[in-house]
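# Fold and contact review
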Amino acid sequence: MDAQQHQREAAPQQQPPRPAAGGGGDFTAIFTILLSFIAIFSMVIIPTVTTLKQSLAILHQVPEGHVGVYWRGGALLNTITDPGFHLKMPMITQFETIQVTLQTDLVRDIPCGTKGGVLINFEKIEVVNRLHKDYVYETLREYGVQYDNTWIYDKIHHEINQFCSAHSLQQVYIDMFDQIDEKMKDALQADCTRYAPGIEILSVRVTKPTIPNSIRRNFEQMEEERTKVLIAMERQRVSEKEAETQKKIAISEAEKHAHVSKIQMEQKLMEKDSSRRQEEISNTMYLAREKSLADADFYRTMKEAEANKLKLTPQYLELKFIEAIANNSKIFFGNKVPSMILDQRLLGNFLQDVARTGNADDGS
């Protein structure tokens, strides 16, 4: 009785089913609210869980110097996005940011054995590299997001061991250490160019390897001895330079003195030459003057001779004889006086005859 009465009382409370169109509208509104809640939850409530946040996020950001790459169902999409904000489907599409600017990969603790069997360790090697934007898709498709593990970290281990095994400790630690950077760079770039052309190796920085303490002490002693030798060589070089400098100074002084002596000698020679020329000029002037005087004297003598010749007439001689007798204050007595006078007259007659003969010859 009670059960039947309870069924009768509950029956009027049942409502007829709603139309299908009204139920679809409520489902759409609920779905929209749910998606909004998921988006807000993924961006605000759980910001510290990176992987889950990226999976649930609709809006995501690509920082400057990076590009965004996407996977859907584990397959890499060929969509590459630039820096900025972008949208994706949550829970279905995953994305990663890939750096396309310069980056430095630090490779630590690289053990290797030298050609002589000595085990050494490179504590740190830095590789500066860059992935070109145009090759991001091909590189990630072939080698994944951790492409640098294959072509930088693992490759630098291999190349360092190859180099050490082909060289002695002396070469690796001292003689060829300055060449390791370039050799590693060339080796890495050669393989990257062949198999992963989007990776560019810009530089490699290798730190000094760690060697056993006993060998290191030997190298330190060798370096000390080499330093002493270098100091002695440098002192010798300095002494040689000083001696060479002194020699050059002495040569310069000697050349200067020689040059001064030469100038002085040339000056003296010039003075002598000038004196010689002056003397020659004086001698020439003296000879010319003496010649002129001699010529004048000769001319005078000739003229006087001609004049005297013209004067040598009997009458003139007799006149002169008489004048001489007259001017003589002495008087001679004796038998010879008339004969002397006679002799003077005879001389005058003789001269007259000579004059006549000369005139006759001139006429003929």
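Structural notes, computed from the coordinates. (Residues numbered from 1 in each chain as written. Predicted model: local features only at pLDDT ≥ 70, side-chain atom pairs only at ≥ 80, totals over all residues. Heavy atoms only, no water.)

### Concerning the environment of K183
Threshold: Where helices and strands are cited, they refer to DSSP runs of H or I of at least four residues and of E of at least two residues respectively, numbered from the N terminus. The classification of residues rests on relative accessible area computed with a 1.4 Å probe and restricted to protein chains. Under 20% of the type maximum is buried, over 50% is exposed, and intermediate values are partly exposed. Here, two residues are considered to be in contact whenever any of their heavy atoms come within 4.5 Å of each other.
Position of K183 relative to the elements: it lies in helix α7 (residues 177–195). You can call K183 partly exposed: its relative accessible area is 35%. As a C-alpha pair, K183 and F163 span 20 residues in sequence and 8.8 Å in three-dimensional space. Excluding residues within four positions of it along the chain, K183 makes contact with F163 and M176.

### Details of helix α4 (residues 136–143)
Our working rule: Each C-beta atom gives one direction from the helix axis, and the arc is the one those directions make.
All of the buried residues in α4 are V136, T139 and L140. Buried residues along α4 cover an arc of 95 degrees about the axis, so they all sit on one side. On its buried side, α4 packs onto β2 (66–72), β3 (75–81), β5 (93–99), β7 (119–131) and α5 (147–165).

### A few points about a nonpolar patch on the surface
To keep things clear, this is the line we draw: Two joining distances apply to patches: 9 Å for like charges and 5 Å for nonpolar side chains (Val, Leu, Ile, Met, Phe, Trp, Tyr), and every residue must have over 30% relative accessible area and no salt bridge. Calculation of accessible area relied on Shrake-Rupley with a 1.4 Å probe; when residues are assessed, cover is drawn exclusively from the protein chains displayed. We count a salt bridge whenever a side-chain nitrogen from Lys or Arg sits within 4 Å of a carboxyl oxygen from Asp or Glu.
Where nonpolar side chains cluster on the molecular surface, the patch consists of I58, L59, F85 and L87 and spans about 410 Å² of accessible area. A relative accessible area of 32% means that I58 is categorised as partly exposed.

### A word on the sheet that holds β3
Rule in force here: Strand pairing follows a simple DSSP-based rule, namely that at least 2 bridges must link the two strands. Axis geometry follows a simple rule: fit a line to the C-alpha atoms, using only the stretch in contact for helices, then measure angles between N-to-C directions, giving values from 0 to 180 degrees.
The strand order across the open sheet built from three strands is β3-β2-β5, with neighbouring strands paired in antiparallel fashion. Looking at which strands have only one partner, the edges of the open sheet turn out to be β3 and β5. Pairwise comparison of adjacent strand axes, ignoring direction, gives a mean angle of 30 degrees for this sheet. Pairing analysis gives four bridges linking β2 to β3, with the strands arranged antiparallel. Within the sheet, the bridge partner assigned to G68 lies in β3 and is T81. In this fold α4 packs onto β2, β3 and β5, with an angle of close to 160 degrees to the strand it touches most, β3.

### What about the state of the cysteines?
This is how the line gets drawn: Here, a disulfide means two cysteine sulfur atoms that sit within 2.5 Å of each other.
Under the counting rule described, the total for this entry stands at one disulfide. The residue that forms a disulfide with C112 is C164, at a sulfur-sulfur distance of 2.5 Å. On the sign convention where negative means left-handed, the S-S torsion of about -45 degrees between C112 and C164 marks this disulfide as left-handed. You can see C112 sitting in strand β6 (residues 103–113) and its partner C164 sitting in helix α5, a full 52 residues away along the chain. Since its relative accessible area comes to 0%, C164 is described here as buried.

Everything listed here is a matter of coordinates, which is why it stays silent on function.
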